[in-house]
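Residues per chain are reported as follows:
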Amino acid sequence: MKIKDLKELLDADVLCCEENLSRHLYSACGCDLMSDVLAYVKDQGALLTGLVNPQVVRTAVMMDLVCIVFVRSKLPTEDIVELAKENGIVVLTTDKRLYEACGILYSNGLGVKESK
Amino acid sequence: MSEPLVFHYDIDGEDFISAGQASIQIKKNLRRIGLSPEVIRRVSIAMYEGEINMVIHAKGGTADVLLYEDRIEIILADKGPGISNIEEAMQEGFSTASDTIRSLGFGAGMGLPNMKRYSDKMTIDTTVGVGTTVTMVINIT
């Protein structure tokens, strides 16, 4: 699926890098523990999280993730969004909870390890 | 053997929020040099976990990344408390980090295991009360 499909499915708002919404997603993970995210490489993935700090973006940069979704209506601060912007990472925010957001994406075909 | 290209960074140990800046920088530099995305990812993740560790446990330190023709060496040196039991520290899930660090998404006992996971060789030289030097080697194939 594309990032814009994820946006529609989660009824999410785009906070930056709208120009990258047509990029493909091949996997996703829902996690608040950044070290767990760092443990397994996800190909062109999205990170869904309830954690809001700059380390979320740095983790995404290290993993070459293309999209971050903040759940439960959490709003990142400007410096967090700016860091994502510098790295071309699409930042979204949704009012859905982590479990629900992951479930919606999974049942719509975004697996944990969808291959290219 | 030709001299390696060296990148040196001082890791500020005062501020967890800004930790990871050196790793972002090294990722940019390695991209500019044109290494494979896989190698760049392994180097930057391993260094990022190391950088976070130095900030959490050792109030910062230094990071040197040496680029050889066939490999990259990352040397992370700190003057922190040292590791009293390396075997224990290497276990996934073992951590001595504070609740504050945990609430920020780290300190889950995955740092050293992840560093080992992404490097081809890792050695830890540590003395309690003196400091720790972690050397990671990532082969460029």
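It should be noted that the structure appears before, not after, this text.
Being a predicted model, the structure only gives us computed values, none of them experimental.

Analysis parameters
Each chain carries its own residue numbering, running from 1 in the direction its sequence is written. Starting at A for chains and at 1 for ligands, labels are handed out in the order in which the entities are written. Note on the predicted model: pLDDT of at least 70 is required for a residue's local features to be given, and 80 or more for side-chain atom pairs to be given and counted; whole-chain, interface and lining totals, by contrast, use all residues. Values reported for side chains reflect all heavy atoms of the structure, with hydrogen atoms and water molecules removed beforehand. Under the DSSP-based scheme used, a helix requires at least four consecutive residues in state H or I and a strand at least two consecutive residues in state E, with every element numbered from the N terminus. Burial classes follow relative accessibility: with a 1.4 Å probe on protein chains only, a residue under 20% of its type's maximum area counts as buried, one over 50% as exposed, and anything between as partly exposed. Pairing of N or O atoms within 3.5 Å defines a polar contact, subject to two protein rules: one partner must be a possible hydrogen donor and the other a possible acceptor, and residues neighboring in sequence count only if both atoms are side-chain atoms. Between N-to-C directions, angles cover 0 to 180 degrees, with each direction set by a line fitted to C-alpha atoms, over the stretch in contact for helices. Each angle is binned into one of four classes, with values under 35 degrees roughly parallel, values over 145 roughly antiparallel, values of 65 to 115 roughly perpendicular, and all other values oblique. Two residues qualify as a contact provided that any one of their heavy atoms is within 4.5 Å of a heavy atom in the partner residue. The nonpolar class holds Ala, Val, Leu, Ile, Met, Phe, Trp, Tyr, Cys and Pro. Asp, Glu, Lys and Arg form the charged class, and all remaining residues, Gly among them, are polar. At least two bridges found by DSSP between two strands is the condition for calling them paired. With its strands directed away from the observer, a crossover is right-handed exactly when the path from the first strand over the helix to the second travels clockwise. Buried area counts how much accessible surface, traced with a 1.4 Å probe, disappears from two parts once they are put together, with both parts' losses summed. A side-chain nitrogen of Lys or Arg and a carboxyl oxygen of Asp or Glu constitute a salt bridge if their distance falls within 4 Å.

(A) Representation of the side chain of Glu73 of chain B in the model. Residue and element names in this part refer to chain B. Inspection of the secondary structure assignment puts Glu73 in strand E3 (residues 71–78). Its relative accessible area of 15% is what places Glu73 among the buried residues. Only 3.0 Å separates the side chain of Glu73 from the side chain of Arg71, close enough to count as a polar contact.

(B) Region of interest: the packing of helix H3 (residues 54–62) of chain A against helix H4 (residues 78–86) of chain A. All names here are of chain A. It is the contact of H3 with H4, at a shortest axis distance of 9 Å, that shows an interaxial angle of 10 degrees. If you check the angle between H3 and H4, you find them roughly parallel. From H3, Pro54, Val57 and Arg58 reach across to H4, where they touch Asp79, Ile80, Leu83 and Ala84. For the contact of H3 with H4, the class distribution of residues is five nonpolar, no polar and two charged.

(C) Main features of the pairing of strand E5 (residues 90–93) of chain A. All names here are of chain A. Because side chains alternate across E5, one face comprises the buried residues Val90 and Leu92, and the other comprises Val91 and Thr93, equally buried. Where strand E1 (residues 13–16) meets E5, three bridges bridge the pair, whose relative direction is antiparallel. Considered in E5, the bridge of Asp13 is made with Thr93. Sheet topology note: the strand E4 (residues 67–70)/E5 ladder contains four bridges and is parallel. Opposite Val69, over in E5, you have Leu92 as the bridge partner. Crossover connection from E4 via H4 to parallel E5: handedness right-handed.

(D) Quick peek at the interface of chain B and chain A. On the chain A side, the residues contacting the 27 residues of chain B number 19 residues. The junction of chain B with chain A conceals about 2000 Å² of combined surface from both sides, 56% of it contributed by carbon and sulfur atoms. On the chain B side of the contact with chain A, Ile24, Arg41 and Tyr48 of chain B bury the most area, a combined 27% of that side's loss. There are three salt bridges connecting chain B and chain A. Between Arg41 of chain B and Asp64 of chain A there is a salt bridge; the shortest N-O distance is 3.5 Å. At the junction of chain B and chain A, the tally comes to 19 residue pairs in polar contact (both at pLDDT 80 or more). Listing elements by their share of the side of chain B that touches chain A, those giving two or more residues are helix H1 (21–33), helix H2 (37–58) and helix H5 (111–118) of chain B. Among the elements that make up the side of chain B that touches chain A, the one with the highest residue count is H2 of chain B (seven residues). Of the residues that constitute the side of chain B that touches chain A, the class distribution is 13 nonpolar, nine polar and five charged.

That's the geometry; what it means functionally is another story.
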